[in-house]
Amino acid sequence: MKTSKDQRKLRHNRVRAKVSGTSAKPRLNVFRSNAHIYVQFIDDESGKTLAAASSAEIKGKGAKTELAAKVGKLAAEKAIQAGIKEAVFDRGGYQYHGRIKSLAEAAREAGLKI
């Protein structure tokens, strides 16, 4: 019997077969742990991370969805500073719901085109 972690990895592999990032339009990868949420902008052609943000960088308390929205805004600001205006969203096998959704919407509101 597969665990939910195994099922997420299968979903992520299925999504990754279709989603790839370039230097002009990198992949916005999301990883969610119980405590934090992490975002990376990845150029898959060269295998490099162009920008990154996480909830560990944010000081203060709040609900996890609120922190995810702050991370989305921070990630978009860092991406725009790095010259990234649009990205391909890779939800990491997670449902587009809750923390993942609030992160993506906050990144869009901050000026990033997903």
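Here, every reference points to the structure presented above.
Turning to the overall build of the protein, a few remarks are in order. Of the regular secondary structure elements, the protein holds three helices and four strands. Dimensions of the protein, computed from C-alpha atoms along their principal axes, come out at roughly 45 × 35 × 20 Å. Looking at the protein as a whole, 37% of its 114 residues are labelled buried. Long-range pairs, those at least 24 residues apart, make up 57% of the contacts in the protein with a sequence separation of at least 6. When the accessible surface of the protein is split by element, carbon and sulfur atoms take 50% of a total near 6900 Å². Each charge class in the protein was averaged separately, 24 positive and 11 negative side chains, and the resulting centres sit 6 Å apart.

For the rest of this paragraph, the subject is the sheet that holds strand β1 (residues 27–32). By definition, the strands of a sheet pair up through backbone hydrogen bonds, in either a parallel or an antiparallel sense. Strands sit in the order β3-β2-β1-β4 across an open sheet of four strands; the sheet is mixed. At either end of the open sheet lies a strand with only one pairing partner, and these are β3 (48–54) and β4 (88–90). Between one strand axis and the next, the sheet turns through 20° on average, direction left out of account. When strand β2 (residues 37–43) meets β3, the two strands line up antiparallel, connected through six bridges. The partner of Asp-43 across the bridge, within β3, is Lys-48. With respect to the sheet, helix α3 (residues 99–109) is in contact with β1, β2 and β4, its orientation differing from that of β1 by roughly 145°.

Leu-28, Phe-41, Leu-103 and Leu-112 are the most contacted members of the largest nonpolar core, which has 23 residues in total. Looking at this core, the elements with two or more residues in it are β1, β2, β3, α2 (64–81) and α3. In terms of residues, this core owes the most to one element, α2, which gives six residues. Look past the residues within four positions of Leu-112 in its chain and what remains in contact with it is Leu-28, Phe-41, Ala-76, Ala-79, Ile-84, Lys-85, Glu-86 and Ala-107.

On to α3. The set of residues buried in α3 consists of Arg-99, Ile-100, Ser-102, Leu-103, Ala-104, Ala-106 and Ala-107. The inward-facing, buried residues of α3 contact β1, β2, α2 and β4. Within two residues after α3, Gly-111 carries a phi angle of roughly 110°, on the positive side.

Conventions adopted
- Residues numbered from 1 in each chain as written.
- Predicted model: local features only at pLDDT ≥ 70, side-chain atom pairs only at ≥ 80, totals over all residues.
- Heavy atoms only, no water.
- Helix = DSSP H or I, 4+ residues; strand = E, 2+ residues; numbered from the N terminus.
- Buried < 20%, exposed > 50% of the residue type's maximum accessible area, 1.4 Å probe, protein only.
- Contact = heavy atoms within 4.5 Å.
- Areas by Shrake-Rupley, 256 points an atom, 1.4 Å probe, with all protein chains shown as cover.
- Lys, Arg positive; Asp, Glu negative; His and termini not counted.
- Charge placed at Lys NZ, Arg CZ, Asp CG, Glu CD.
- Pairing = 2+ DSSP bridges.
- Axes fitted to C-alpha atoms, helices over the stretch in contact; angles between N-to-C directions.
- Core = buried A, V, L, I, M, F, W, Y, C linked by side-chain atoms within 4.5 Å.

From the geometry alone we can't say anything about function, so treat these as descriptive.
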